[in-house]
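Architecture at a glance
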Amino acid sequence: MRSVMVQIPNTPTSADVARLAGVSRATVSYVLNNTRSVRISEPTRRRVHEAARELGYVPHAAARSLRAGHSRMVLMPAPTFPVGPLYSRFLDELQSALGRLDYTVVQHGTVGLQGDEAARAWAELRPVAVLVPGVGLGPRGVAVLKRAGARAVVTLGPDRVDGAHALLADHDIVGQCAGAHLYARGRRRVGVVVPEEPGLEVFSAPRLAGVRQALRGTAATVTELPLAYTEESAAELAARWRESGLDAVFAYNDEYAMLLMRALQDEGLRVPEDVAVVGADDLMLGRLLRPRLSTVRIELPSGRDLAELVDRAVHEPGGEPEVREVLGASLVHRASS
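Residues numbered from 1 in each chain as written. Predicted model: local features only at pLDDT ≥ 70, side-chain atom pairs only at ≥ 80, totals over all residues. Heavy atoms only, no water.

With that settled, the discussion passes to the overall build of the protein chain. Summing up its helical and strand segments, the protein chain has 14 helices and twelve strands in all. The burial tally for the protein chain puts 49% of its 337 residues in the buried class. Taking the intrachain contacts of the protein chain between residues at least 6 apart in sequence as the baseline, contacts between residues at least 24 apart amount to 70%. Total accessible area computed for the protein chain in this model is approximately 17600 Å², and 50% of it derives from carbon and sulfur atoms. (Helix = DSSP H or I, 4+ residues; strand = E, 2+ residues; numbered from the N terminus. Buried < 20%, exposed > 50% of the residue type's maximum accessible area, 1.4 Å probe, protein only. Contact = heavy atoms within 4.5 Å. Areas by Shrake-Rupley, 256 points an atom, 1.4 Å probe, with all protein chains shown as cover.)

Structure representation (structure tokens):
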């Protein structure tokens, strides 16, 4: 039986990069680790990066973590709620901004784990920072993460958690905008869509509360409308619409608004003459509908600003946690209301 000798190429090292670039190994380390305390000229940086690309050199993450005293991993637990286009764009912007700051962003799914139990699973990966969307994390979970080496824990949700930086996103304001607009347009019997998809209640409940708050003390009524994201469910709701007497609907977001508006029109109801419709998120598809969809434009925090907050917290781990109100909302009036 013949044997074949296979030569495995040597793995390139930082010394190889240094020789090709004509610099010291220390300079290679400073450039590839983005060390801020050492000034390196731009031409030298380019030579080092070009040499690393030519050789296929990739820094050893574990070794780099040992030198720095911490990892460069930012862990983002996968959201437990369905993610729409608006939130997806925000996540993309945030990951890009963190990448430019030389962090590695890792999304982590913790199926079946919640709160402090999930925090222990995240801590096993030894991230330098954790960005937690939604609710569920408590002070104990924050403490577990910090003991495991996380220098920054940032929550994005309606409430702050002791020990963590908090980006407060209260969706009441979204419902308030929609409710105030419909009332100003003369609507007095307002329905509010409450999606039946698991996980969305963290947004739908405050939006419903916001509509109630906007109409409190007026003669207007608010009716909760459970709705699954299916054509069949929308058709069933539209078939009962006339007997409900409702003259307006805040449909939770643009996707539910488009689904329901089509069902209402199929049932022979006119928008906005018979039913005024308002969505949320200001998706481009809403502008392509006829009639064009009125919506609540939601302003999420800048991904770049959040990345800078993470970076600052990593470099100043003993600082006081920051708390910011980050959710803005404004009504965009179009033909559907």
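It is the contact of helix α8 (residues 172–184) with helix α9 (residues 201–215), at a shortest axis distance of 6 Å, that shows an interaxial angle of 40 degrees. As far as their axial angle goes, α9 and α8 are oblique. Every pair of crossing elements has a handedness; the one defined by α8 and α9 is right-handed. Residues D172, V174, G175, Q176, G179, A180 and Y183 of α8 lie in contact with α9, whose contacting residues are P206, R207, A209, G210, V211, Q213, A214 and L215. Split into classes, the residues belonging to the contact of α8 with α9 amount to eight nonpolar, five polar and two charged. (Axes fitted to C-alpha atoms, helices over the stretch in contact; angles between N-to-C directions. Parallel < 35°, antiparallel > 145°, perpendicular 65-115°, else oblique. Left-handed = near helix turned anticlockwise from the far one by under 90°. Nonpolar A, V, L, I, M, F, W, Y, C, P; charged D, E, K, R; others polar.)

The six strands lie next to each other as β2-β1-β3-β4-β5-β11, forming an open sheet whose pairing is parallel. Of all the strands in the sheet, the pair left with one neighbour each is β2 (104–108) and β11 (323–325). Each strand of the sheet is rotated relative to its neighbour by a mean of 15 degrees, with strand direction disregarded. When strand β4 (residues 152–157) meets strand β5 (residues 165–168), the two strands line up parallel, connected through four bridges. Paired with T155 across the bridge in β5 is A166. Of the strands in this sheet, β1 (73–77), β3 (129–133), β4, β5 and β11 touch helix α14 (residues 303–315), which is tilted by about 150 degrees from β4. (Pairing = 2+ DSSP bridges.)

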